[in-house]
Number of protein chains: 2
Amino acid sequence: MSDVNPKKKLEQLGKKIVDDIIGGKSPKVDVPIRALSNVKFNEKTKTLELGNKSSERAFFNVGHVKKFSQTIEVAKVSHQLLTLDKHASLRDVFYMAKRTLPGTDTNLVDEQTESDKAIEDLEVISDLSREQLNINADKKGSVVGNVVIEDMGDAIDWSKLGSGGWSIPSNVEDIKIKKVNADFVLYMEKAAVWERLNEDKFWKKYNCILVASAGQTTRGIRRLLQRFYEEFKLPIYVLCDGDIYGIYIYSVIKYGSISLAHAAERLTIPSVRYLGITMDDIEKYDLKKHFIKLRENDYDRIKQVSEYDWFKDNKAWQRQFKMMKTYNAKVEIQSLSSKGISFISDVYLPEKIKNKEFLD
Amino acid sequence: MSDVNPKKKLEQLGKKIVDDIIGGKSPKVDVPIRALSNVKFNEKTKTLELGNKSSERAFFNVGHVKKFSQTIEVAKVSHQLLTLDKHASLRDVFYMAKRTLPGTDTNLVDEQTESDKAIEDLEVISDLSREQLNINADKKGSVVGNVVIEDMGDAIDWSKLGSGGWSIPSNVEDIKIKKVNADFVLYMEKAAVWERLNEDKFWKKYNCILVASAGQTTRGIRRLLQRFYEEFKLPIYVLCDGDIYGIYIYSVIKYGSISLAHAAERLTIPSVRYLGITMDDIEKYDLKKHFIKLRENDYDRIKQVSEYDWFKDNKAWQRQFKMMKTYNAKVEIQSLSSKGISFISDVYLPEKIKNKEFLD
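Everything numeric here is computed off the predicted structure, so don't read it as measured data.

J.: Any details on the overall build of chain A? Residues and values, ideally.
T.: The secondary structure content of chain A amounts to 14 helices and 17 strands. Compactness check: chain A gives a C-alpha radius of gyration of 23 Å against a globular reference of 21 Å for 360 residues, within 12% of the reference. Taken over the C-alpha atoms alone, chain A extends approximately 75 × 50 × 40 Å along its principal axes. The long-range fraction of contacts in chain A, counting pairs at least 24 apart against all pairs at least 6 apart in sequence, stands at 70%.

Shown next, in the form of structure tokens:
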């Protein structure tokens, strides 16, 4: 990403608008449509992407002027941030963009959803990611492994961070990954499982990098995983609960999310593999007694996910969805603890990885 | 805490039960009652604490036998963990304790709430904290500052961790704080504010330690703050949104929480000070335009919190609660960003700290 200059790109956008004004034209921008109707699954690249539909947004149009002005305002805020070499959170940008228009009692933005949407629009207009615009979302998650990075002038060795690990920032664009000695990356949705594996020194024994969020995977974590794949060709394995929500976490990392289809190219990792918990693990590891019964909304979600373009012709996954419904149950990663506190580190993960029991 | 041997304490508990059995008596334990009726505010120590009421729990009592057995089971699990020198999450302990009693279709525990309660009972029975029992809860939060710790054999310098910081583990009992060069600790409820202050190198300029969770303060973070106060006499300042939930976060750090009154002594920091956002900041920093209107449940919560023993005679706080209701509004920390992205680092915090504008 070092070949783009985000600040210059924003200046070009500004110059185009100034040219419109000087030329006596209504200033306008083209905004690709980000609704489901314009999102499609690219069979070749195996990612969600935006279609070609776009809509014009003009200043001299009563229906457009507010959104037009909001988009230009967040561009201004982003330009300020890039000039100052500082980053802001989505909430900060909302407050920075929120002001009363002179001589009126109208605010440029009243709710954060408005500035968030304007930022997403700016991403597609400028072809810059929110991270490149110096705008961050959630900070979450921890990482440990035989890796040395450089960040804000510090050399940070992820193998010497004790029980805590490195706290993953919301934006990993500027970190330099200097040295990697690892065979794969293991990402898990649960911080408690990460603590288990770190205490057991799993990453040392099996020469890997351990990454955890807590629930939903942040964009920072997705970019970090992607960088390990793209810059170091490391396989990425995903460890989630054996339920439809765990599988959706995997799906987002692999294919992208519908709401962020415009950013999919930057954030997907088509080669990522699902390691567990699978429905087959239930028999193999005798987990039936730890079943948690499905509810109505679990069934709805299974139906929804199983019908997604990227799952609907995938036999291995359709088999999993069917087994979920037959079992009428879900199983958590931590049910493995019933077989011994370190069963996951000593038996489950080594076996699965050795036997290459992945779902793709 | 190095003078107690948790494993021995559990063995004494086990021995007492064995003695009961050998002596032909019904095995039993005394469990201090942990309901609101037995929680009081100690005016002298300024912490919540358990009263003297306790109830006997006996094996040969149909109403007691399940809870008795659950308590002994989690003691067994904890003893295993201490023997193996490993830690487990609350969820792990649930799965480790969950088993079907031989010859029946009854599980010892069916829901995690049961094993959680049994662990809390074990804490009061044994006078050991859950952390000392090697049982952990959430891992959350980041820290940065001029501090060197030792953890799992690693020397970790919190001043050399770039934009991420050290990821705070769920259990900080075993870390050794080796070197501290800081005048105070600033704890904030929002990770995004922490990223702002870290990017601005606030901790370098003002010689402090920055700690953030994301929302609710975990027990790990509370213990970490407490250790800085107890071992290094550092003042602890709290930075939260200007609303009743932010004030309750402060209240829990300072006085303890009702549900954990039995652990209060271990987790409170009576000297902690509230730095902001206060209702007085609203006029001073012109934040009225960023008001978020209160809802019905905000009013209910203000009433509840203002009537707590530790707030009800505190004039400064009662004034704040009254102003909240008069303004009919709350204000977020990040509304300060409307005055410039680094206004919080360059103006707000330095002014407040210099002028000692704290609420106690």
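Next comes the rest of the account.
J.: Could you give an account of the interface of chain B and chain A, with specific residues and numbers?
T.: Where the parts come together, the accessible area they lose is often given as the size of the interface. Listed by partner, the interface residues are 45 residues for chain B and 45 residues for chain A. Every element with two or more residues in the side of chain B that touches chain A is listed here: helix H2 (65-84), strand S5 (88-89), helix H3 (90-97), strand S9 (154-157), strand S10 (166-167) and helix H5 (191-199) of chain B.

J.: Give a description of the environment of Ala 35 of chain A that names residues and reports values.
T.: All names here are of chain A. Residue placement: Ala 35 occurs in the loop between strand S1 (28-32) and strand S2 (39-42). The exposure class of Ala 35 is exposed, given the 11 C-beta atoms found within 10 Å. Distance in space between the C-alpha atoms of Ala 35 and Gly 51 is 9.8 Å, their sequence separation being 16 residues.

J.: Requested: an account of the relation of the copies chain B and chain A, with residues and values cited.
T.: Structural alignment of chain B on chain A gives an RMSD of 0.0 Å, achieved by rotating through 180° and translating 0.0 Å along the axis. With respect to symmetry, the two chain copies, as superposed, fit the operation of a two-fold axis. Identified as the residue of chain B closest to the rotation axis by C-alpha distance is Ser 167 of chain B, at 2.1 Å. Looking at chain B, 98% of its interface residues are interface residues in chain A too, so the copies touch through the same face.

J.: Can you explain the sheet that holds S9 of chain B? Please cite residues and give values.
T.: All names here are of chain B. Taken in spatial order, the 3 strands line up as S9-S8-S11 in an open sheet, and their pairing is antiparallel. Sheet topology places S9 and strand S11 (176-180) at the edges, where each strand pairs with a single neighbour. The mean angle between the axes of side-by-side strands here comes to 20°, regardless of whether they run parallel or antiparallel. Pairing analysis gives 4 bridges linking strand S8 (residues 147-151) to S11, with the strands arranged antiparallel. Residue pairing for S11: Ile 149 is matched across the bridge by Ile 177.

J.: Quick rundown of the packing of helix H2 (residues 65-84) of chain A against helix H3 (residues 90-97) of chain A? Include the residues and the values.
T.: Each packed pair of helices is defined by two parameters, the angle between the axes and the distance between the axes. All names here are of chain A. It is at 10 Å that the axes of H2 and H3 come closest, and there the two elements cross at 115°. By the angle class used here, H2 and H3 are roughly perpendicular. In terms of crossing hand, the pair formed by H2 and H3 is right-handed. Together, Gln 70, Glu 73, Val 74 and Val 77 of H2 and Val 93, Met 96 and Ala 97 of H3 make up the contact between the two elements. Looking at the contact of H2 with H3 residue by residue, the classes come out as 5 nonpolar, 1 polar and 1 charged.

J.: Explain the domain arrangement of chain A to me, using residue names and the numbers behind them.
T.: Residue and element names in this part refer to chain A. According to the domain assignment, chain A consists of domain 1 (6-26 + 61-136) and domain 2 (142-354). For domain 1 versus domain 2, the distance between C-alpha centres works out to 35 Å. Every contact between the two is made by 8 residues of domain 1 and, on the other side, 7 residues of domain 2. A per-element tally of the side of domain 1 that touches domain 2 places helix H4 (residues 112-126) first, with 3 residues.

J.: Account for helix H5 (residues 191-199) of chain A, naming residues and giving values.
T.: All names here are of chain A. The element H5 is largely enclosed, with a buried count of 9 among its 9 residues. Taken as a whole, H5 has its buried residues at Ala 191, Ala 192, Val 193, Trp 194, Glu 195, Arg 196, Leu 197, Asn 198 and Glu 199. The positive-phi residue at the C-terminal boundary of H5 is Lys 201, with phi of around 55°.

J.: Tell me about the sheet that holds strand S9 (residues 154-157) of chain A, and name the residues and values.
T.: Each strand in a sheet pairs with another by means of backbone hydrogen bonds, the pair being arranged parallel or else antiparallel. Residues and elements named next belong to chain A. Here 3 strands make up an open sheet; going across it, the order is S9-S8-S11 and the pairing antiparallel. Where the open sheet ends on each side, the last strands, each with one partner, are S9 and strand S11 (176-180). For this sheet, the mean inter-axis angle between neighbouring strands, taken without regard to orientation, is 20°. Alignment of strand S8 (residues 147-151) against S9, held across 4 bridges, turns out to be antiparallel. The residue bridging Ile 149 from the neighbouring strand is Ile 156, located in S9.

J.: Give me the lowdown on the nonpolar core, citing residues and values where you can.
T.: With 122 residues, the main nonpolar core has Leu 210 of chain A together with Leu 210 of chain B as its most contacted residues. In this structure, Leu 210 of chain B is in contact with Val 143, Val 144, Gly 145, Leu 186, Trp 194, Leu 197, Asn 198, Phe 202 and Trp 203 of chain B, ignoring residues within four places of it in sequence.

J.: With reference to specific residues and values, describe the packing of H2 of chain B against helix H4 (residues 112-126) of chain B.
T.: All names here are of chain B. One way to put it is that H2 packs onto H4 with a least axis distance of 8 Å and a crossing angle of 80°. Judged by the angle between their axes, H2 and H4 are roughly perpendicular. Of the residues in H4, those in contact with Gln 70, Thr 71, Val 74, Ala 75 and Ser 78 of H2 are Glu 114, Ser 115, Ala 118, Ile 119, Asp 121 and Leu 122. Class assignment for the residues of the contact of H2 with H4 results in 5 nonpolar, 4 polar and 2 charged.

J.: How would you explain the environment of Cys 208 of chain B if you had to name every residue and give the values?
T.: All names here are of chain B. Its place among the elements puts Cys 208 in strand S13 (residues 208-212). Exposure remark for Cys 208: the 23 C-beta atoms within 10 Å place this residue in the buried category. Along the backbone, Cys 208 and Phe 184 are 24 residues apart, and their C-alpha atoms lie at a distance of 5.1 Å. In contact with Cys 208, not counting residues within four places along its chain, are Gly 145, Ala 182, Asp 183, Phe 184, Val 185, Leu 186 and Trp 203.

J.: Give me the lowdown on the environment of Leu 197 of chain A, citing residues and values where you can.
T.: Relative to the assigned elements, Leu 197 of chain A resides in helix H5. In this view, Leu 197 of chain A contacts Phe 202, Leu 210 and Ser 345 of chain A; residues no more than four positions away in its chain are not counted.

J.: So what's going on with the pairing of strand S12 (residues 184-188) of chain B? Residues and values would help.
T.: Residues and elements named next belong to chain B. S12 sits mainly inside the fold: 4 of its 5 residues count as buried. By the bridge criterion, 5 bridges tie S12 to S13 in an arrangement that is parallel. Its bridge partner lying in S13, Tyr 187 is registered against Val 211. Across 4 bridges, the pairing between S12 and strand S14 (residues 236-239) is parallel. Directly across from Val 185, in S14, lies its bridge partner Ile 236.

Parameters and conventions
- Residues numbered from 1 in each chain as written.
- Chains lettered and ligands numbered in written order.
- Predicted model: local features only at pLDDT ≥ 70, side-chain atom pairs only at ≥ 80, totals over all residues.
- Helix = DSSP H or I, 4+ residues; strand = E, 2+ residues; numbered from the N terminus.
- Rg over C-alpha atoms; globule rule 2.2 N^0.38 Å.
- Contact = placed C-beta atoms within 7 Å.
- Buried ≥ 20, exposed ≤ 12 C-beta atoms within 10 Å, placed from the backbone.
- Least-squares fit on C-alpha atoms with pLDDT ≥ 70 in both.
- Pairing = 2+ DSSP bridges.
- Axes fitted to C-alpha atoms, helices over the stretch in contact; angles between N-to-C directions.
- Parallel < 35°, antiparallel > 145°, perpendicular 65-115°, else oblique.
- Left-handed = near helix turned anticlockwise from the far one by under 90°.
- Nonpolar A, V, L, I, M, F, W, Y, C, P; charged D, E, K, R; others polar.
- Domains from an automatic or database assignment.
- Core = buried A, V, L, I, M, F, W, Y, C linked by C-beta atoms within 7 Å.

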